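Here is what each chain is made of, one letter per residue.
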Amino acid sequence: MKVMTEKGRGSREAGWVMWVTGLPSSGKSTLARGVAERLRRLGVQVEVLESDELRRVLTPNPSYSEEERRWFYGVLVYMAGLLARNGVNVIIDATGNRRIYRDLARRKFERFVEVYVRCPLEVCMRRDVKGLYRKALEGVVKTLPGLQTPYEEPRNPEITVDTDRLSPEESVETVLDGLRSLGYLK
């Protein structure tokens, strides 16, 4: 049976694409790494496209302007497409603060999962591992999603994980259960 990866393109073994979105410091990277680790242990081929890591390569001096963000997220979706059509499952670990960025992926991939890492702003600010909220309050950072730039919550995510209530392990299980219910994981 031929399975579609990108709309209009076929592959013998299609990969799915998952976008893990949420406010900065909500737990996206912890969740993405945990899910990827568990999937690999189950023998599932998966690659994580981690936005902070890729930004260092693609935009070494980022401006975080709307134009740059649109370009950057378009590149992430393009990279995910290359991997997925070659049978690799992809986890995009990126805030993607506007729905339009994530909707690009939703339109492009038939096998798409949006994971909303829901966490109250106050909790994210307390976690603030990278010091982004502190820098934003000091005026060093000018476009932090959820504080200075809007973060548009997903309207209908396939999976929602409340990281302020669940442990990292429980959050990973929530995503794996969601993948099973969607038929992407046996």
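Before any of the text, the structure's been laid out above.
A brief look at the structure comes next. (Residues numbered from 1 in each chain as written. Predicted model: local features only at pLDDT ≥ 70, side-chain atom pairs only at ≥ 80, totals over all residues. Heavy atoms only, no water.)

**Points about a nonpolar patch on the surface**
On the surface, Val-57, Leu-58 and Trp-71 cluster together into a nonpolar patch covering about 290 Å² of accessible area. Here Trp-71 is to be found in helix H3 (residues 66–84). Trp-71 sits in the partly exposed class, given a relative accessible area of 44%. (Patch = residues over 30% accessible without salt bridge, like charges linked within 9 Å, V, L, I, M, F, W, Y side chains within 5 Å. Areas by Shrake-Rupley, 256 points an atom, 1.4 Å probe, with all protein chains shown as cover. Salt bridge = Lys/Arg side-chain N within 4 Å of Asp/Glu carboxyl O. Helix = DSSP H or I, 4+ residues; strand = E, 2+ residues; numbered from the N terminus. Buried < 20%, exposed > 50% of the residue type's maximum accessible area, 1.4 Å probe, protein only.)

**Re the packing of H3 against helix H4 (residues 99–108)**
Packing of H3 against H4 leaves a shortest axis separation of 9 Å and a crossing angle of 25 degrees. Of the possible angle classes, the one that applies to H3 and H4 is roughly parallel. Crossing hand, H3 versus H4: right-handed. Together, Glu-66, Arg-69, Arg-70, Tyr-73, Gly-74 and Val-77 of H3 and Tyr-101, Leu-104, Ala-105 and Lys-108 of H4 make up the contact between the two elements. Class assignment of the residues belonging to the contact of H3 with H4 gives a composition of 5 nonpolar, 1 polar and 4 charged. (Axes fitted to C-alpha atoms, helices over the stretch in contact; angles between N-to-C directions. Parallel < 35°, antiparallel > 145°, perpendicular 65-115°, else oblique. Left-handed = near helix turned anticlockwise from the far one by under 90°. Contact = heavy atoms within 4.5 Å. Nonpolar A, V, L, I, M, F, W, Y, C, P; charged D, E, K, R; others polar.)

**Examining the nonpolar core**
Counting 23 residues, the largest nonpolar core has Met-18, Leu-31, Leu-39, Ile-91, Val-115, Val-175 and Leu-179 as its most contacted members. Elements with a minimum of two residues in this core: strand S3 (17–21), helix H1 (28–41), strand S4 (46–50), strand S6 (112–118), strand S7 (159–162) and helix H7 (168–182). Counting residues per element, this core draws most heavily on H1, at 5 residues. Setting aside residues up to four positions removed in sequence, Leu-39 forms contacts with Trp-16, Val-44, Val-46, Leu-176, Leu-179 and Leu-185. Leu-49, Ile-92, Tyr-101 and Phe-109 belong to the second-largest nonpolar core, a separate cluster that totals 17 residues. (Core = buried A, V, L, I, M, F, W, Y, C linked by side-chain atoms within 4.5 Å.)

**Quick notes on H4**
Residues of H4 that are buried: Tyr-101, Arg-102 and Ala-105. Burial along H4 is one-sided: seen end-on, the buried residues are contained in an arc of 90 degrees. Packed against the buried residues of H4 are S3, H3 and S6. (Arc of directions from axis to C-beta.)

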